[in-house]
Amino acid sequence: SGITAGQHEVLDSLVHELAETSYLEVTRSGGQVTDVIIWETAAKLKKVREANVTRASGQVSVVVEKQYDGAGLLAQTLTHTLTRSAGQVASIATVEV
């Protein structure tokens, strides 16, 4: 039982890195990246995946990753919360929704 390699290849989940034709858009605020959105095409009609970056005192504090299914509907979310020690990232706690 199980799934075939072809079925596995097209699964829309965050554990599967993006390996397909796409268009990547980067949004900045004050020169710092706030969002990275991967669209199906440059027409930007259907999202594939995105990452939203939140900063505290200028340093990244939270990164939210979102995976969309083949219809463009939100399928999975991972929230990564960074903890720092002496200004350096000491750990990252991840919660899946």
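Numbering of residues starts from 1 in each chain and follows the order in which that chain's sequence is written. The predicted origin of the model limits local features to residues at a pLDDT of at least 70 and limits the giving and counting of side-chain atom pairs to 80 or more, whereas totals for whole chains, interfaces and linings rest on all residues. Derived side-chain values reflect all non-hydrogen atoms in the structure, with water molecules and hydrogen atoms excluded from consideration.

Participant: Would you mind going over the pattern of salt bridges with me for this structure?
Facilitator: When charged atoms on two side chains of opposite charge get close, those side chains can pair. Whenever Lys or Arg places a side-chain nitrogen within 4 Å of a carboxyl oxygen from Asp or Glu, that contact is recorded as a salt bridge. For the coordinates displayed, the defined rule picks out 3 salt bridges. Among the salt bridges present, the one from Lys46 reaches Glu40, with a minimum N-O distance of 3.4 Å. Since its relative accessible area comes to 24%, Lys46 is described here as partly exposed. Throughout this description, buried means an accessible area under 20% of the type-specific maximum (1.4 Å probe, protein chains only), exposed means over 50%, and partly exposed covers the range between. On the basis of relative accessibility, which here comes to 40%, the residue Glu40 falls in the partly exposed class. One salt bridge connects Glu50 with Lys47, and the closest N-O pair in it is separated by 3.1 Å. Accessibility expressed as a relative area gives 6% for Glu50, which makes it buried. Accessibility expressed as a relative area gives 24% for Lys47, which makes it partly exposed.

Participant: What should I look at first to understand the pairing of strand β4 (residues 59–68) in this one?
Facilitator: Strand residues, when the strand is regular, have side chains that alternate between the two faces of the sheet. A pair of strands is considered paired only if DSSP assigns at least 2 bridges between the two. Secondary structure counts use DSSP, requiring at least four H or I residues in a row for a helix and at least two E residues in a row for a strand, with both numbered from the N terminus. Bridge analysis of strand β3 (residues 47–56) against β4 gives 8 bridges, and the strand direction is antiparallel. If you follow Ala56 over to β4, its bridge partner there is Gln59. Where β3 hands over to β4, the hairpin turn is made up of 2 residues, of which Ser57 adopts a positive phi near 55°. Sheet topology note: the β4/strand β5 (residues 74–85) ladder contains 7 bridges and is antiparallel. Paired with Gln67 across the two strands is Gln76, which belongs to β5. Between β4 and β5, which pair antiparallel and follow one another directly, the connecting turn spans 5 residues, one of which, Gly72, has a positive phi of 85°.

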